[in-house]
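The lines below spell out each chain.
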Amino acid sequence: MSQTALMDESRHTRSLDIPLHRLDVPLPHLLPFAIGTFDTIGALSRANFPHRHTFYEIVYVTGGHGAHVLDSTQQSLHPPQLCVITPGQIHHWADAEQLTGHVVLFNEDFLLSRRQDVAALRSLSAGPGHAPGEQSVPMEALLAEMESEYRALRPGYRTLLRASLQILIVRALRTCSSAEETITHSRAGEVTTDFTRLLRLPGGTCRSVDSYAQQLGMSAGHLHALVRQSTGLTPGALIRLQRTLEAKRLLVATEMTIRQVAGAVGFRDPAYFCRFFRRETGMSPGEFRADTGENHHDPRIQSIAARPDGS
């Protein structure tokens, strides 16, 4: 196995009955970063069952057919196609065959806490895929160079990989003008990015606006004003949206009961949760699950990719 492989097939974590994949760094000199192909990263880079990540994934699909499903939204593959998955999202590949392309995996600390990069990735992950358009040639060349640096470990490779990743994010953002327009570098934008990042963490939908404001070092009123300035929505509205999204994820990707889903997203009373869900979506949780169809994972499948050599 290559000394730079960062996936440990023996470890996995279960989160609400949805496999949670981790990016493992077995040796101190290795980065919380990996790049390769669907084959070298491992079989689970093209997993066909719903799962989450603790890390970011950027996939540049150059060939194959099927569909990418991200948070219950399915989009057919039309290579070349760019897909961005952020921590906590549920995704899988549906009926995908002969997938080729580049797969980039990294933890948030590899970005050195650059808020604008995190905000860009969150915006790009709002949909299951983007057509790279005029960015296709430079992006593919950049990805090939990044993989070469990652394999060779030449002097300065850490700095070069970080800089290249930031360039890749900018080029990715250019593939989606609507995402680019949502990125702001103002104080309001920075606070909103921090707030939404915390909101998407496990248990985030069960917290109050006051608790978030306290963690971010400001009053609830100040948080309310900054988030509304940046998004046009209040923190409470964003919490409701995230609760609804998380409930949809669990209804589609698990066999949890309605009561269990309600508790997982912060509702003690399942009846109140059902009223909330109907108000937000126009249908009951049971109707939503029946409408989207069941697509549950096989819990016997390990949640960490096989080694590049297939062992």
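Residues numbered from 1 in each chain as written. Predicted model: local features only at pLDDT ≥ 70, side-chain atom pairs only at ≥ 80, totals over all residues. Heavy atoms only, no water.

Overview of the overall build of the protein
The helix and strand inventory of the protein stands at 12 helices and eight strands. Evaluated residue by residue, the protein yields a buried proportion of 49% over its 311 residues. (Helix = DSSP H or I, 4+ residues; strand = E, 2+ residues; numbered from the N terminus. Buried < 20%, exposed > 50% of the residue type's maximum accessible area, 1.4 Å probe, protein only.)

Quick look at the packing of helix α2 (residues 115–124) against helix α4 (residues 157–174)
Packing of α2 against α4 brings their axes to within 10 Å, and their N-to-C directions diverge by 40 degrees. Our classification of the angle between α2 and α4 gives oblique. In the crossing of α2 with α4, the sense of the turn from one axis to the other is left-handed. For the pair α2 and α4, contact is made by Asp117, Ala120, Leu121 and Leu124 and by Gln166, Ile169, Ala172 and Leu173, respectively. Tallied by class, residues from the contact of α2 with α4 come to six nonpolar, one polar and one charged. (Axes fitted to C-alpha atoms, helices over the stretch in contact; angles between N-to-C directions. Parallel < 35°, antiparallel > 145°, perpendicular 65-115°, else oblique. Left-handed = near helix turned anticlockwise from the far one by under 90°. Contact = heavy atoms within 4.5 Å. Nonpolar A, V, L, I, M, F, W, Y, C, P; charged D, E, K, R; others polar.)

Section: the nonpolar core
Of all hydrophobic cores here, the largest spans 44 residues; its most connected members are Phe33, Ile58, Val104, Phe106, Leu165 and Leu168. Mapped by element, the contributors of at least two residues to this core are β3 (33–36), α1 (38–41), β5 (56–70), β7 (81–85), β8 (91–106), α2, α3 (136–152) and α4. The biggest single contributor to this core is α4, with seven residues. Sequence-distant contacts of Leu168, defined by excluding residues within four places in its chain, comprise Ile58, Val104, Met139, Leu142, Leu143 and Met146. Ranked by size, the runner-up nonpolar core spans 16 residues in total, among them Ile90, Leu250, Leu251 and Phe267. (Core = buried A, V, L, I, M, F, W, Y, C linked by side-chain atoms within 4.5 Å.)

Focus: the packing of aromatic side chains
Applying the stated criterion to the full structure yields 10 aromatic pairs. Over the face of the ring belonging to Tyr212 we find Arg207, whose NZ or CZ atom lies 4.1 Å from the ring centre. One cation-aromatic arrangement involves Arg243 over Phe267; the distance from NZ or CZ to the ring centre is 4.4 Å. (Phe/Tyr/Trp six-rings, centres within 6.5 Å; stacked < 30°, edge-to-face > 60°. Lys NZ or Arg CZ within 6 Å of the ring centre and 35° of its normal.)

Considering the packing of helix α6 (residues 187–199) against helix α9 (residues 235–253)
Axis separation between α6 and α9 bottoms out at 11 Å; the angle between their running directions is 35 degrees. The chirality of how α6 crosses α9 is right-handed. Across from Phe195, Thr196 and Leu199 in α6, the residues of α9 making contact are Pro235, Leu238, Ile239 and Gln242. For the contact of α6 with α9, the residue count by class is five nonpolar, two polar and no charged.

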